[in-house]
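Given next are the chains, with one letter for each unit.
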Amino acid sequence: MSGFGITLLIRRAIAAKSSHHYAISVDPFSLFCSNFHSVGPKDRSFSPEPRIDLSCINEADDAVFLFRQMVRLRPQPYVTEFNKLLQVVVKMKQYCVALKLFDEMRQWGAPVNEYTMTILINCCCLLKRVDVGFAIFGIFLKHGYEPDVTTFTTLLKGLFLDGNVAEAEKLFKKILTLKLCEPDDVTILTAIDGLCKTGHVLAANELLCLLENTIYKPNVMAYNGVINGLCKIGMVDNALQLQSKMIDKGISPDVVTYNSMIQGLCDFGRLKEVKDLLNEMVNHNITFSLVTYSILVDAFCKEGSIKEAEDILEVMKQQNIRPNIVTYTALIDGYCLQGKMDKAKEVFDSIASSGLKPCIISYNSLINGYCKKGKVDEAWRLFLEASSKGLEHTTVTYNSMIHGLLGEERIADGWNLFKDMEARHVRPDLRTYNVLLDGLCKTRQIAEAFLFLKMMEDKGVSPNIVTYSILISGLCKDGKLEDAKKLLNELPSKGLQPNCQAYTIVIGSLCEEGFVEEAKDLLIKMERSGCAANSVTYNNIIQGLLKRKEVYTVMPFLEEMYKRGFSADTTTSSMLINHLQVYNKDVVLLEMIKKVVPKI
């Protein structure tokens, strides 16, 4: 689908629309005492309600002061007033303070009810002490308090926050089977969302199917949670099927549903199907949101269709929809991918004039773009500027900058930056180690590279196929072809399958060393293993042979290259043209070269 088609569709859609911390150390188990005081309506029939002004609370100390006034009042305020006070403290994220105040409520004989219990359990869950929350739950039960759906939902949320996914799923199923309460939309969404966010998307999908066969029907938000989860793990077709299913059940998808599916399809470059979804949105009068537009801008930028991304931005402006930092960053990334650094910087500079502040991801995109263009000094200036603006460098920031420095052979600067990264406790990832390893191999420090590999493994970092491809390439360039072949053959024993790049490196080196038959055998082995030779493979083979001036040996590979629809790259083309000066009378060779070097 063309970007122009999507832009038209968007226009059609528009037309259709005409603290302060109170330092208290609390032992939660000090709460479990017997002198709870429950107040029913009859207890306060003839008592005037004291007036409590919660608006005076600006920090935890104010809440504590007001509370101590409240407990001394006679008659004491209603339980609802105490609960409101506790809720104010919870909103200030002073969970320990709320627990301490409850402890004092118990000591003063202040009234409590089921809602008080839920507030306390919520505090424990937010402190990731769901075990204490369940203990409080048990104590209240013993005192005759009946938990409601909010209490169970809070416990469910606490289990997910604490990482007890299996127990959370078990609790939800008990709620259904034992009818512990009537689960509402919030309870269902808590379970679905909790499973999806912890990576248990298929379990969430199964739970959704289970609910469909009960009286507790999931709503659009529950379906959205699963659809979004499926899209994020690459199961876009399953998400599309689930959307059809929800429609069949009479539940209308909303903009959130469509945004998840559009994002999922864009991630796999399925832009034609994106157009179909946008058509559906238009036909159902679902307005495109800022998120919708941002997804499309990002998708077009990644596809290299900057013009279409700019058109969408223009439409947004016409509709008074202000791009956010995500939209701007996507556009910056798009220009960087095309090497248009002046345009990328122009967009970056326009962020501030739009009333926004660049985030570290915006800086990362620009830094990476400059490094890839070899403009390392400009990248370094932005690297320093980001920290001066109070932004923390991420692993991605360091990776881009280290890669840029090493690429410009500023080896000492690259390694010093790695040391700085570790000193600032920014955790290196596998990409960091691969970049450094590549730097060692390119400077033919092969022994040091293998020592670095050992250090990686000692730190618990598992090398991947990219790591070993770097080492294989380093060995080949250092003239250690036998060691490279040995490492390639050892990969399956390390739990890794050689990829096209690893095979291509060795095949190219075999050709360069004159072992053409062995290179052919390895090419056959490569393809039998499921790795199809690509353009790089054939260019490497041809370059290796041409370096040995084996021009006629090249011809079968040129023929195969042509049959597979591959073209000679710049280096191969230059080498072939140079050899034509010697073999200019060979018409067959000339015709073959013309097939893979179209400009001749």
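A short tour of the structure in this document, coming up. Starting afresh in each chain, residues are numbered from 1 along the sequence in its written order. Residue-level local features of this predicted model are given only where pLDDT is at least 70; pairs of side-chain atoms are given and counted only at 80 or more, and the full residue set underlies all totals for whole chains, interfaces and linings. Side-chain numbers come from the whole structure's heavy atoms, not from hydrogens or water.

### Examining the overall build of the chain
- When its secondary structure is counted, the chain shows 32 helices and two strands.
- Compactness check: the chain gives a C-alpha radius of gyration of 32 Å against a globular reference of 25 Å for 600 residues, more than 25% above the reference.
- Dimensions of the chain along its principal axes, counting C-alpha atoms only, are 115 × 60 × 50 Å.
- Evaluated residue by residue, the chain yields a buried proportion of 49% over its 600 residues.
- Residue-level accessible areas treat just the shown protein chains as cover; the underlying method is Shrake-Rupley with a 1.4 Å probe. For the chain, the exposed area adds up to about 29800 Å²; of that, 53% sits on carbon and sulfur atoms.
- Under this rule, positive means Lys or Arg and negative means Asp or Glu; His and the chain ends count for nothing. Charge positions come from single atoms, namely NZ of Lys, CZ of Arg, CG of Asp or CD of Glu. Each charge sign in the chain was given a centre, from 69 positive and 70 negative side chains, and these centres are 1 Å apart. A run of DSSP states H or I qualifies as a helix once it reaches four residues; a run of E qualifies as a strand once it reaches two. Both are numbered from the N-terminal end. C-alpha atoms define the radius of gyration, and 2.2 Å times the number of residues to the power 0.38 defines the globule rule. Residue burial is assigned from relative accessible area. The probe radius is 1.4 Å, only protein chains are included, and a residue is buried under 20% of its type maximum, exposed over 50%, and partly exposed in between.

### Looking at the packing of aromatic side chains
- Any pair of Phe, Tyr and Trp rings, taking the six-membered ring for Trp, is counted once the centres come within 6.5 Å. Such a pair is stacked with planes under 30 degrees apart, edge-to-face with planes over 60 apart, and tilted for the rest. Under the counting rule described, the total for this entry stands at 12 aromatic pairs.
- Here the aromatic rings of Y433 and F452 are separated by 5.8 Å at their centres, their planes lie at 50 degrees, and the arrangement is tilted. With Y433 in helix α23 (residues 430–442) and F452 in helix α24 (residues 446–458), this residue pair connects regions lying 19 residues apart in the sequence.
- Since its relative accessible area comes to 3%, Y433 is described here as buried.
- On the basis of relative accessibility, which here comes to 6%, the residue F452 falls in the buried class.
- Consider the rings of Y538 and F566, whose centres lie 6.1 Å apart with planes at 35 degrees: the pair is tilted. Placement of Y538 in helix α29 (residues 535–547) and of F566 in the loop between α30 (551–563) and α31 (570–580) is noted, with a sequence separation of 28 residues between them.
- Taken together, the ring pairs in this structure connect W415, F418, Y433 and F452 into an aromatic cluster.

### Details of helix α20 (residues 376–388)
- With 13 residues, α20 extends 18 Å between its outermost C-alpha atoms, agreeing within 8% with the 18 Å of an ideal straight helix rising 1.5 Å per residue.
- For α20, the set of buried residues is V376, A379, L382, F383 and A386. Taken around the axis of α20, the buried residues stretch over an arc of 120 degrees, which confines them to a single face. α20 presents D377 and S388 as exposed residues on the side facing more than 90 degrees away from its buried surface.
- Residue contacts are defined here by distance: any two heavy atoms, one from each residue, within 4.5 Å place the two residues in contact. Where α20 is buried, its residues contact α18 (341–353), α19 (360–372), α21 (395–407) and α22 (411–423). Multiply 1.5 Å by the residue count of a helix minus one, and that product is the helix's expected span. An arc is given here, and it is the one of the directions from the helix axis to the C-beta atoms.

### Observations concerning the side chain of T572
- For T572, the position within the fold is in helix α31.
- Since its relative accessible area comes to 0%, T572 is described here as buried.
- The residues contacting T572, other than those within four sequence positions of it, are N539, I542 and Q543.

### Concerning the pattern of salt bridges
- The salt bridge definition used is simple: a Lys or Arg side-chain nitrogen within 4 Å of an Asp or Glu carboxyl oxygen. A complete count under the given rule lists 29 salt bridges for this structure.
- Here K485 and E518 are joined by a salt bridge, their closest N and O atoms 2.7 Å apart. Of this pair, K485 sits in helix α26 (residues 481–490) while E518 sits in helix α28 (residues 516–528), placing them 33 residues apart in sequence.
- With a shortest N-O distance of 3.1 Å, E550 and R548 are connected by a salt bridge.
- You can call E550 partly exposed: its relative accessible area is 21%.

### Here's the deal with the packing of helix α9 (residues 185–197) against helix α10 (residues 201–212)
- For the pair α9 and α10, the least separation of the axes is 7 Å and the interaxial angle reads 155 degrees. Of the possible angle classes, the one that applies to α9 and α10 is roughly antiparallel. The two elements α9 and α10 meet at a crossing, and its hand is left-handed. Contact residues: I188, A191, I192, L195 and C196 in α9; V201, A203, A204, L207, L208 and L211 in α10.
- Split by residue class, the contact of α9 with α10 holds 11 nonpolar, no polar and no charged. What counts as an axis is a line fitted to C-alpha atoms, over the stretch in contact for a helix, and the angles between N-to-C directions run from 0 to 180 degrees. Our angle categories are set so that under 35 degrees counts as roughly parallel, over 145 as roughly antiparallel, 65 to 115 as roughly perpendicular, and the remainder as oblique. Handedness of each helix crossing follows the sense of rotation of the near helix against the far helix: counterclockwise by less than a right angle gives left-handed, clockwise gives right-handed. Amino acids are sorted into nonpolar (Ala, Val, Leu, Ile, Met, Phe, Trp, Tyr, Cys and Pro), charged (Asp, Glu, Lys and Arg) and polar (every other residue, Gly among them).

### What about the nonpolar core?
- By convention a nonpolar core is built from buried Ala, Val, Leu, Ile, Met, Phe, Trp, Tyr and Cys residues, the set being connected through side-chain atoms within 4.5 Å. Grouped together as the largest cluster of nonpolar side chains are 196 residues, with contacts concentrated most on I262, L366, M401, I402 and I472.
- In contact with M401, other than residues within four places in its own chain, are I367, C371, V376, A379, W380, F383 and L417.

### Points about the side chain of T327
- Looking at the secondary structure, you find T327 in helix α17 (residues 325–337).
- A relative accessible area of 0% places T327 in the buried class.
- Any pair of N or O atoms that falls within 3.5 Å is considered a polar contact. Within protein, one atom must be able to donate a hydrogen and the other to accept it, and sequence-neighbouring residues count only if both atoms are side-chain atoms. Among the polar contacts listed, one links the side chain of T327 to the side chain of N324, at a separation of 2.7 Å.
- Apart from residues no more than four positions distant in its own chain, T327 is found in contact with L290, S294, V297, L313 and M316.

### Remarks on α22
- The terminal C-alpha atoms of α22 lie 19 Å apart, and with 13 residues this matches the ideal 18 Å at 1.5 Å per residue to within 8%.
- Inspection of α22 places G414, W415, L417, F418 and M421 among the buried residues, and these make up the whole buried set. Angularly, the buried residues of α22 cover 155 degrees about the axis, an arc narrow enough to put them on a single face. Set apart from the buried face of α22 by more than 90 degrees, the exposed residues are A412, K419 and A423.
- Summarising the contacts, the buried residues of α22 are in contact with α20, α21, α23 and α24.
- Downstream of α22 by one or two residues, H425 has phi in the positive range, about 60 degrees.

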